[in-house]
Each structure stands twice: as C-alpha cells, then as structure tokens.
Amino acid sequence: MEADKPPAVTMRGITKRFPGVLANDGIDFEVLRGEIHALLGENGAGKSTLSNILTGLYRPDEGEILLHGKPVSFPAPRDAIEAGVGMVHQHFRLAASFTVAENLVLGHRDAADRGLLLEPRVVEGRIADLSRRYRMPVNPRARIWQLSVGEQQRVEILKVLYRGARILILDEPTSQLTPQEAEQLFQTLRLIAAEQRTIIFISHKLEEVMAVSNRVTVLRRGKVIGTVMTGNTNTRELARMMVGREVVFTKKKEGPAQAERQVALELRRVSANGELGTPALHDINLQVHAGEIVGVAGVAGNGQRELAEVITGLRRRTAGSVIVTGRQIRGGDPLEAIRRGVAYIPDDRLGTGVAPSLSVAENLVLKAFRRPPISTQGLLHPGRIRTNAVDLMQRFSIGASSPQVPARQLSGGNIQKVLLARELSSRPLLLVASSPTSGLDVGATDIVRGLLLETAGRGVGILLISEDLDEILALADRIAVLYDGRIRGVVERQDAHVEELGLMMAGAA
Amino acid sequence: MIRIERRLTEARWLVVAVPAGSLLAAAFLSGIILALTGHDPIGTWARLLDRGFLAEGAMSATFVTATPLLLTGLAAAAAFRMQTWNIGAEGQLYLGAVGASGIGIALHDQSPVLIIPAMVIAGIVTGAAWAAIPGVLRAYTRTNEIITSLMLNYVAGLLMTYLIFDSHSYWRDLSTFTARVFPQGKYLSDSASWPSLGLAGIAIPFGFLLGMVAAAALWLIYSRTRFGFEARVIGDSRAAAHYAGIRTRRKIVAVMALSGALAGIGGASEIGDFRHVLDPRGLQQASFGYAGIVVAALARLNPFAVVIVAILLGGLSNAGFSLQGATFPAGLVGTLQGLILFCALAGELLVHYRIRFVRRAAPLARAPEKFGAA
Amino acid sequence: MNNTILVVIAASAISYGTPLLFAALGELLAERSGVLNLGVEGMMLMGAVSGFWAVQTIGGPGWVVLLVAVLVAALVAAATSLIHAVLTISLRASQIVSGLALTIFAGASGLSSYVGHVASLGGQPARHEFAAIDVLGLKDLPIIGPILLHQNALTYLSWALVAVALFYLYRTRPGLHLRAVGESPATADAMGVNVTVYRYVHVMLGGALAGIGGAFFSLAITPGWLDGMTSGAGWIAIALVIFAFWRPELALVGAYLFGAFSSLGFTLQTRQVHLPPEVFSSLPYLMTIVVLVLVSTGWARQRLGAPASLGVPYVREER
C-alpha cells in the first residue's frame, strides 16, 4: 500500500434512490492503491448499488467520484472501463454460447486490438500470457457453458485484467466456489494487489473478509457504518457493525435428531437428463427420514436443480425410482407429487415459485386452488381466497400492504415467506428446499431457517439443497455432497469437516 | 434528461385515459398523413364521424360492423390473456362463416328456432376446430402459434375461394345460368336471418347481443373459475404454472379453441346478421380478424372494454367502407387502426412507468476525464 | 434439357425465393440483436409500393431508375421499421403486439394500399423492371445456365449479401457485439457495447432488407402494384429465420425451398397439370407449417440457435 499517493478511489456523498428505496445514502468511501478493501454488508445494504455506480452502470443522484485524486463521471459503463475500473459480477456477465476469447474482446478497444476484424490468434496469445502471469489456466477456445463455475470466474477476472483494469471490484466472488477454490482465488487476488492494483472485495461473509482484506468498510441500510483495519478487528465486531445487533443464527440442536425412522423419501438409482438432453444425474441413492433434514452440498450446476425437479415431478427421470412415504411416484407429473405431499421451494422464487404479476392472495393458493374450500365445482371463491391470504399473511408475518398487490412488488424475504406459507400450510410430508435463504438479509434468513427447523420438528422430511455450506452445517442432520451428478458421499453432521466436504465438492475425494 | 421509472402501482385513471388519448393521437397523426397526400384532414374526419355515428341509420350500420369486431376482439383477448398469440381469428372467422352457412343451407326449410342455434353452434365448432390446429401444434410440438395460426388464415381464405369459385361445392349456387358463369354462394332462406333488437331507433344485431353475453362469460371464466385461474398463471409464467402442477398443454389447446369459437361466432353472425351467403371476397376485404387484435389491445384485454372499443372501431370501419372512393382512399382504415395501436402501445408505458424529466446530477456534469490522461 | 421440369422449377424457385431471402436476412439481423419484428409483411409492402412508385415517377436511364427505386424501397421500409424500434426498444412495448400493429398499419389494407391509391399505381404497366441477366452469355449452359446464370441483378445482390452477413456476424467486431447484444444484453452493456444503438441499427437494417424484398415483387416477379401483393411472404420469411436457426447460409437454402413451393403452382399449371389453383396457392402456407413443426420438435436444437434475449426488452436501471 502506498498511503502517500492519492487514494485509488474516493467516493463522496454518493446518494442513489430507486422508486421506494434509498439504496445509497450519502456514502463516503475511500480505497488506497494496492489495497484489498472489503465492502461488507448484508443483502440489501447498498453494496451492489455502490459498485454499479463505480462501474458506470448506474448514475448517482448526488455525490462525486475521484479516481487517483481526479474527479470523473461515468455516463456509461464504457467510460468506467476506459478509466481502468473493472467489475467481476456475482452473476457472471458472460455470453454462454461464446468462447472465452470472444468474451474477452467483447466491447474492447485499445491500440493493439481495435480493428474492425476479429483477430483470434492475437487475442489467444494475450490470454495465454495473462493466465500464466496470474496462474489462472483457461482454454481460450472453450465455450463458456462448457466451463465449471470456478473456471467461469477465472474468465471474468481475466476479462477485467485484459482490459488493463487498475481497480477491480469483485461482487460476492466466493458464493459459488468450494472452500479450496476460494482459497485459490484469494491467492490470485494477493498476486494482483502486489502489482499495485486495487481490489474492492464485496461480501457478507465475515470469515473471508477477515482472511483476505487489508481494510473493511461496513455498510448498513445504504449508509457507511465505519471503516476499520482488518488487523484491528474481529468477526464479532464486524457482525455487530453489519447488523446493528448481536447475531446468533438459529442452529440445529446437537444430538441424534431422527426420532422417527419412517422414510419420507427414497431415491433408488435415479438418473435424469439436464436441460440440453445430456445426462445430469447418475445413479442417485438417497434417503430422507421423517423429521430429518438432509443437506445436499455442492457447487452450482452439479445436478442440484435436476435432483430437486426429479423429486418434485417437474422433470422426468431416465432410470431408477422415487419413493415418497413408501409409494413410488410415476414422475414427470408435478401434480402427482403435490398430491402426494411433496412441497417445493425452488431457487428461482420469482418466476417459478410465484407468478410475478398475480397477487399475493392468488399466489398463496397457487396449489390449493383446486380443492375446497378455495374452489368448488370449478368455481373459485374470491372471499375464501382473501381470508386464506389474510390468515397466512398474519401467521407468517408477510410484509405486503394488501393481499391484492402483485407478488413482484415484495422484497425477496417476503416473497420467500409467501412461498413458505403456501408450501407449509399444505401440510406436506416432504419438503424440498433449494437455496432457501440466498439473497435474503440476516433477519429473513433467520426466520426461514427457524421455519425449516420447526417444520422438521413436526415430522416433515426435508431435503435442503444449498450452495451455502455454513447453512447446511447449521441445519442438516446428514450431509450429502453432489458432484457432477453423483453423490460423492453422505456424512453425519457431527462427523463433517469443512475441508473434507470441500474436497468432495470439487470431486477430489 | 429523461428517466423512466417503474410505477409501484398502476395508475388507475390512465387505464381510461390511455385508450381515449390513443384515439385522439391517432386522429392527429392520420391527419398529418391525409394533409401530406393532399386531402383535407378535418373534412375527412368530419365525414368519418358523420357516417360512422351521427348520420341517419349510421349507428345501426356501425353495430353490424361492430359485431364481428366484438367477437374477434374477444377471441384475441381470450388468447392473449394467456400469452397465447392466436393471430388466426381471421381464418377462424372464415371457417365459422363456412360452417354456419353450410348448416343454414342444409336446414333451409326449418324454423328459425332450430336453424339459428344450429348456425351459432356450427360457427363455434368450425372456428374452434380450426384454431385447435395451431393450439395442438403449439402444445405438443412447441411450434410457434403466431406463424401457424397466421398461415392458416391464408389457407382458410383459399378454402372459401375454392368452395365458391373453383368447385361445384355444396355452398355454391348452381341453380341458374348466370350463377354458373358468375360464381356466387347459395343464399340462405329467410328463416336463417338472425333477428335484431330495436333500441332507440338503432337495430342491434343478434350477433352483437351474443357477443355481449360472450364478453360476460369470458370475464367470468377468467376471474371466477379454476380454468381461468390456471390460464392466468400460465400467461404470467409458464414455469410457475408447471411448478403448480397445471397441465399447460391441454390448457393451451382449450384456450385456442375457446378463442377460435368466439371468432367462429363472429363468422356465423356475418352470415346470419348481414350477408346471408358465403361471400369470400367480402369477408376477406373486411379483415375483421386482424382488426380484432387492435380492438383487444386497445381494450387492454378487458372483455367489457372490448364491447365499447368494438363499437368505436366498428364506426370507423363502417364509415370507411361506405365512404371508400377517390376522396377517401382505401387503406385509410387500416392505417388508422395501426396508428391507434401504436399510440396505445406507447401509452401503455405511462400506465406502468413514470416518466420524469430530471436535471443531471450537478457535481457530475463535468466532462469525463480518463485516468492517466493528464 | 433446360426445359425439363426440374430445371424450370429450380430456376423459378430462385426467383421466387429471392424476396424471401432478402426479408429473412433482414429479420435475422434484427432478431440477432434481440428484437422480434412481426411487421415484415407490412415493411415489404411499403417497399413494394414505394419502389414501384419511384420507377413510375423518376426519369432517367433504366438502370439508374431501378437503382434509385431499390434505395427508395429500402429507405421507406427502414423508416417504417423505425416505429417498431422506438416502441419496443425505447418504450419497452410488447414486441409481438408492436410487430402486429406494424403489419396492420402498413399492410394490405393499410398505408401501402393507401399510398397505392393516392398515387393511382394500381393497374399501371411498369416503366422499368429487373430483367434476368445473361451472365457471360452462358444462360444456355445445361442445367446451371438457367438456374444460376440467368437471374436478375437483385438475386446476385442477395447472394453477395449472404456472404457479407456471414462475414459480418462471425469475423468482425461489430458482428460479435451484435451477437452479444442478442445473446446477453446485460453482458454486452457491462462491456461497454451500446445495446440501444445496436438494436436500432439492426431493426432498421432489417426493415431496409425487407423493403428490397418487397420491391422484388413489384419490380421483378410481377412488375406492377396490387394491394397485398406479397401475400404472406413476410410471414414466411419470419418462419424461415426459425427454420434457418438464425444462420444466413441456412436462410439461403430455406428461401429457395419455399421459393420452390411458391412457384410450383405456376409452373405446373403451365404444364397442364389440372388441380384447383387453390391447392397450389396454399402450398407455401401449408409447407411453412409442416417445416416449422419439423424444426420445432427437436426443441433443444432450436434453443441453441435462438438468440437468448429474443423478445425481451433490455432495461438497465431497474430493480
């Protein structure tokens, strides 16, 4: 770090409003050259908005930005790129059907590579240089959809470096990596920072902020709470700054959980195809007992979605059998699964889990509309739909101004409550929950986790599919690791080690 | 600088203001086109309004034109609500006319009590069957229904032409020498003429009354039945519908058939209320099916609004037909309909978004400076 | 030999397929940018009527007049497509409804018909038309002579355009940007590609090519003007883009396949094949349906071809 030079980034009094939300409220933020600076905050604290302003994607309503002491303004992303700011988005900004090289030259212009024609050979040479220098091997001719998540992230980082960025912003970069991959990423980042480049590391995970950063700035509800040297603080203090109170997440009580040994779900040698018709699940064997939470850990894209969809009837299996409370289900028929007591919280909440333009009340009867009392002889009863909504909104404390508002207007946490209210009120025997807390703030996360534990306590078998290893360790009785469409192993929670799980998630053990 | 922001709630008053504003804006824009081509916009508009709504007997004629528009408008609304794009109301209307005239000819010596319901049912069945073709292809082979339903419009038109002009079909009049040389369809008997309701000197055709009943039924289906609920979920998100265990394929076929049935009634009413003969040229020139899309969009797919909009656009079309000539060139009605739809689409933005004129944030008004440039 | 039925059908398939190829190439470019334009039929008719108007109005040597007429047709149709661009790209209107509106506005009983009547173009004999060129005097060469070496200038232009489109899409930087805008506008935007500009340009380019396709009807196939003279070719062109998996070289193949269906009735009738004319006339429409069904059943393949953001408006600053 060179403290005598002007800071790499200075943001003063940044304010950004969205309809109904004050996302950034007078933010002052400073990052030094060669520093790894963590931007810590809950989901919705305003981290992404701030970084989108710094990359020219949003324009601030108020405030000014200085890079290396000089005022700048970015009317468009291109201007930020030209000023040397590069962003690695959490949801990668890569065109899936393009090659690595094509993604790197997209929109790019500099002296060596700006002609009208594409020059694949020149580009590939430069990519090879970069990947050697930062120890990030990648094949420039591979198409993005053929790469693993970890490799795709490398492409994202290379893309930013290819454009000669001096300031790199990484948004939740570890959210889809195995613990080992994350450690590798940290080393790459240190290598980059050592070249006097500046790194802004956005995260809501305290441990990794402690592990990688030099300084931390904490955001809460669009405001800066403070900036501290990482060496002078600890996770407890950071957590308090981030949330504004002490946080203790709901955790499963230790000890053997399954009182009832009745089997809620059994998968026997199940195989299924993915979206493109290629095999995505191979020979899956798994049991979930009544009252038990089985966690499925793994990096995204290793068959999680297919697994959930095969159990809930949304996807046909190509082999094997799915047995719910002792009876086999035919498969490929979601209605059959619903009638057999399988509830499902999909990872795609808005779009699959709820119909976005339909009202909260209608979404709460998305499955129950077929049965009395909601409908009789094919006719709906609006009054009963409304009472049902009022009742569930109160029981699950869903924050919506009225049952008639369209679901898309709710916050992520409230949408998830709508989903849980609907699925749990159907008195299921089995619940499949995919990434049930991703994108939720601390408060909502805790409520969702509490509800899952309570549901298991009532004897419902739960299959918890999550990329968040901490979440699985906090809630599950047993943990299965999914890699490349296969179960790499099942361990009891008390025997589980993060290291070992990480290796299994990477397919190494 | 202009900024477009999503409104948190739909602005209610705009739901009425947008269609009304669209009509006015389209009138203005068409005035420019008229003036550019050497016509007097105000005079043309005055005659249009006079012939469409004000002149002696104009409203009765307008209702005759509004009847098929009401039914094809409902047909489009029924399908579009579920995001199923049935563009085939045109052909489904032809088929409805073929079916209804066929039955009408067959039952020519029966009483109206039998013959009229039979014609309506025939229109429903043939229209629904024709619409079910793109429906089945959409549901079971994922074939784009926009193109298939549209292609079938041309086929339906050719089918009618064949029946009257190039064959000795059941529909063709072969009883006289002139009819054999100058092909035309068999005229239906008087007992196949649909009645009309006289109201304040305006004759409201039976088909229009059927259309009003259909509008109410459509509203009921979409807001009060399981079927309609499922269709709305599918229209909003196919993924959510699949997730909720809704059988989307059957529903697509059913809604397409429903849509086709409504257009088919439109075809039947053209025969029963107005033409009393299968008239391929007349039906094809009217292009009620395409105009139905305009009606539905302007009514924002609300069945009751379709009734009102159908009367408004019916007046325009009616005036257009009767005024057609050197000073009122053909094509003006379609141009006008297109303009109305453009304006309605632009106005839709106002319903969902707020447009704000803001000054650029002051501190950022400086020219962009590149890092390292100085 | 050059009079055998297959050669005649092939030669006329190319002639009838050329307007389809122009329109399909244009639609392909628009869709590659993520904008579906269902107004092709309307734009073609605007091109047809304005091209014919230019030929009847402008004086000068035949080839100059025809050249200007093609430019006029392209410009007028591009201007027509601008309405769609404004509505769908800037105002975020439904691409489906806006495209339909465009066809109603400009189509057979819309503005193209109005213009035709105002300028009294109907029934006028064409002053100039695109005639087949006898390339290198080789039109009598067996088989390939009539098929490949005796077509008009616009057909040869369309072949050049296929090559240009291929080169543009896969070998140039703007082509890469275009594909990115259609595939993942958020990615392109974040990389500094101006999504709005790319979409406007390619929708209007699509309009211009549709206009030339329309002019091919009024200046080459049946020189003259008739309301709705394209009779659904614009819609077939849209189907053709799906058939071609959004690739120019396959659009070429498809255009001639559909050109063959369109010309079949005409050719067979001159050969004394007695079937009702409606059977032949409905062939292109029915075959369009059949081909679409065949292409759509392998839906995974279809997904690989379609630009991922097709039909979706791109809005950056919205949460």
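My aim in this report is to walk through the structure given alongside it, one point at a time.

## Re the pairing of strand S4 (residues 62–67) of chain A
Residues and elements named next belong to chain A. Relative to S4, strand S1 (residues 9–18) runs antiparallel, the two sharing 5 bridges. Residue pairing in the sheet places valine 9 in a bridge with leucine 67 of S4. Alignment of S4 against strand S5 (residues 70–72), held across 3 bridges, turns out to be antiparallel. Paired with leucine 67 across the two strands is lysine 70, which belongs to S5.

## A look at helix H5 (residues 112–141) of chain B
Since the α-helix advances by 3.6 residues per turn, residues separated by three or four positions end up pointing in the same direction. All names here are of chain B. Between the first and last C-alpha of H5 there are 43 Å, a value that for 30 residues agrees with the 44 Å anticipated at 1.5 Å per step. Along H5, the helix axis deviates most sharply at alanine 132, where the bend reaches about 30°; the proline proline 134 sits within four residues downstream. Backbone geometry just after H5 places arginine 142 at a positive phi near 55°.

## Here we look at the packing of aromatic side chains
Within the structure shown, the criterion is met by 14 aromatic pairs over all chains. Ring geometry for phenylalanine 63 of chain B and phenylalanine 208 of chain B: centres 4.8 Å apart, planes at 85°, overall edge-to-face. Highlighted residues: phenylalanine 63 of chain B in helix H3 (residues 58–80) and phenylalanine 208 of chain B in helix H8 (residues 206–224), separated in sequence by 145 residues. Geometrically, the ring pair formed by tryptophan 219 of chain B and phenylalanine 304 of chain B is tilted, given 5.9 Å between the ring centres and 40° between the ring planes. Taken together, the positions of tryptophan 219 of chain B in helix H8 and phenylalanine 304 of chain B in helix H14 (residues 303–323) put the pair 85 residues apart, joining distant regions of the chain. Among the aromatic side chains, those forming a connected cluster through ring pairs are Phe243, Phe258 and Phe261 of chain C. Over the ring of tyrosine 222 of chain B we find arginine 81 of chain B, and its NZ or CZ is 5.1 Å from the ring centre. Sitting above the plane of the phenylalanine 98 of chain A ring, arginine 179 of chain C keeps its charged end 5.0 Å from the centroid.

## Focus on the interface of chain C and chain B
Listed as interface residues are 46 residues of chain C and, on the opposing side, 45 residues of chain B. When chain C packs against chain B, the two sides together hide about 4,000 Å² of surface, and 79% of this comes from carbon and sulfur. When residues of chain C are sorted by the area they lose upon contact with chain B, Ile104, Tyr114 and Glu278 of chain C head the list and together hold 18% of the total. Our count for the chain C to chain B interface comes out at 0 salt bridges. At the boundary of chain C with chain B, the tally comes to 6 residue pairs in polar contact (both at pLDDT 80 or more). Of all elements in the fold, only helix H3 (62–90), helix H4 (95–106), helix H5 (111–118), helix H11 (233–243) and helix H13 (277–297) of chain C reach the threshold of two or more residues within the side of chain C that touches chain B. Looking at the side of chain C that touches chain B element by element, the count peaks at 12 residues for H13 of chain C. When its residues are assigned to classes, the side of chain C that touches chain B shows 28 nonpolar, 14 polar and 4 charged.

## Some details on the nonpolar core
Leu189, Leu267, Leu307 and Leu463 of chain A together with Leu278 of chain B are the most contacted members of the largest nonpolar core, which totals 329 residues. The element best represented in this core is H3 of chain B, accounting for 13 residues. Once you skip the residues sitting within four places of it in the chain, leucine 463 of chain A turns out to touch Leu286, Val288, Val294, Val296, Leu307, Ile311, Leu431, Val432 and Ala433 of chain A. Of all hydrophobic cores here, the second largest spans 29 residues; its members include Phe29, Leu50, Leu67 and Phe74 of chain A.

## A word on the environment of alanine 496 of chain A
All names here are of chain A. Turning to its location among the elements, alanine 496 is positioned in the loop between strand S22 (486–492) and helix H16 (498–505). Separated by 18 residues in sequence, alanine 496 and arginine 478 have C-alpha atoms that sit 8.8 Å apart. Every residue in contact with alanine 496, bar those within four places of it in the chain, is listed here: Leu473, Ile479, Val491 and Leu501.

## Regarding the interface of chain C and chain A
Taken together, the contact between chain C and chain A spans 26 residues of the former and 34 residues of the latter. For the pair chain C and chain A, the two sides together bury roughly 2,600 Å², of which 61% comes from carbon and sulfur. Summed over the shared surface of chain C and chain A, the result is 1 salt bridge. Between chain C and chain A we count 4 residue pairs in polar contact (both at pLDDT 80 or more) in total. For the side of chain C that touches chain A, the secondary-structure elements that each account for two or more residues are helix H7 (153–171), helix H8 (173–183), helix H9 (185–190) and helix H14 (299–305) of chain C.

## Examining the pairing of strand S10 (residues 223–229) of chain A
On a regular strand, each side chain points to the face opposite its neighbour's, so the side chains alternate between the two faces of the sheet. Residues and elements named next belong to chain A. With 6 bridges connecting them, strand S9 (residues 215–220) and S10 associate as antiparallel partners. Pairing of valine 218 across the sheet is with glycine 226, part of S10. As consecutive antiparallel partners, S9 and S10 are separated by 2 residues, and within that stretch arginine 221 has a phi angle of approximately 45°, a positive value.

## Concerning the pattern of salt bridges
Residue and element names in this part refer to chain A. Applying the stated rule across the entire model yields 33 salt bridges over all chains. Among the salt bridges present, the one from glutamate 62 reaches arginine 17, with a minimum N-O distance of 3.3 Å. Within this pair, whereas glutamate 62 is found in strand S4, its partner arginine 17 is found in strand S1, the two being separated by 45 residues in sequence. Owing to a relative accessible area of 39%, glutamate 62 belongs among the partly exposed residues under this scheme.

## Some thoughts on a nonpolar patch on the surface
Residue and element names in this part refer to chain C. A grouping of Leu136, Leu138, Leu141, Ile143, Ile144 and Leu148 is seen on the molecular surface, where their side chains present a nonpolar patch of about 500 Å² in accessible area. Mapping isoleucine 144 onto the fold places it in helix H6 (residues 144–148). Since its relative accessible area comes to 40%, isoleucine 144 is described here as partly exposed.

## Quick look at the side chain of arginine 478 of chain A
Residues and elements named next belong to chain A. Relative to the helices and strands, arginine 478 is located in strand S21 (residues 478–483). In this structure arginine 478 comes out as buried when scored by relative accessible area, which is 13%. Ignoring sequence-local partners within four residues, the contact set of arginine 478 consists of Gln287, Val288, His289, Glu292, Ile293, Val294, Gly295, Val490, Val491, Glu492 and Arg493.

## Some points on unusual backbone geometry
In this chain, proline 372 of chain A is followed by proline 373 of chain A through a cis amide linkage whose omega measures 5°. Of note, proline 373 of chain A is situated in the loop between helix H11 (360–364) and strand S17 (375–376). The phi torsion at tryptophan 246 of chain C lies on the positive side, around 65°, for a residue other than glycine. In this structure, tryptophan 246 of chain C sits in the loop between H11 and helix H12 (248–270). The class of tryptophan 246 of chain C is buried, set by a relative accessible area of 3%.

The rules behind these values
- Residues numbered from 1 in each chain as written.
- Chains lettered and ligands numbered in written order.
- Predicted model: local features only at pLDDT ≥ 70, side-chain atom pairs only at ≥ 80, totals over all residues.
- Heavy atoms only, no water.
- Pairing = 2+ DSSP bridges.
- Helix = DSSP H or I, 4+ residues; strand = E, 2+ residues; numbered from the N terminus.
- Expected span 1.5 Å × (residues − 1).
- Bend = angle between axes of the 7 residues up to and from the residue.
- Phe/Tyr/Trp six-rings, centres within 6.5 Å; stacked < 30°, edge-to-face > 60°.
- Lys NZ or Arg CZ within 6 Å of the ring centre and 35° of its normal.
- Contact = heavy atoms within 4.5 Å.
- Buried area = accessible area lost by both parts, 1.4 Å probe.
- Salt bridge = Lys/Arg side-chain N within 4 Å of Asp/Glu carboxyl O.
- Polar contact = N/O pair within 3.5 Å; in protein donor to acceptor, adjacent residues only side chain to side chain.
- Nonpolar A, V, L, I, M, F, W, Y, C, P; charged D, E, K, R; others polar.
- Core = buried A, V, L, I, M, F, W, Y, C linked by side-chain atoms within 4.5 Å.
- Buried < 20%, exposed > 50% of the residue type's maximum accessible area, 1.4 Å probe, protein only.
- Patch = residues over 30% accessible without salt bridge, like charges linked within 9 Å, V, L, I, M, F, W, Y side chains within 5 Å.
- Areas by Shrake-Rupley, 256 points an atom, 1.4 Å probe, with all protein chains shown as cover.

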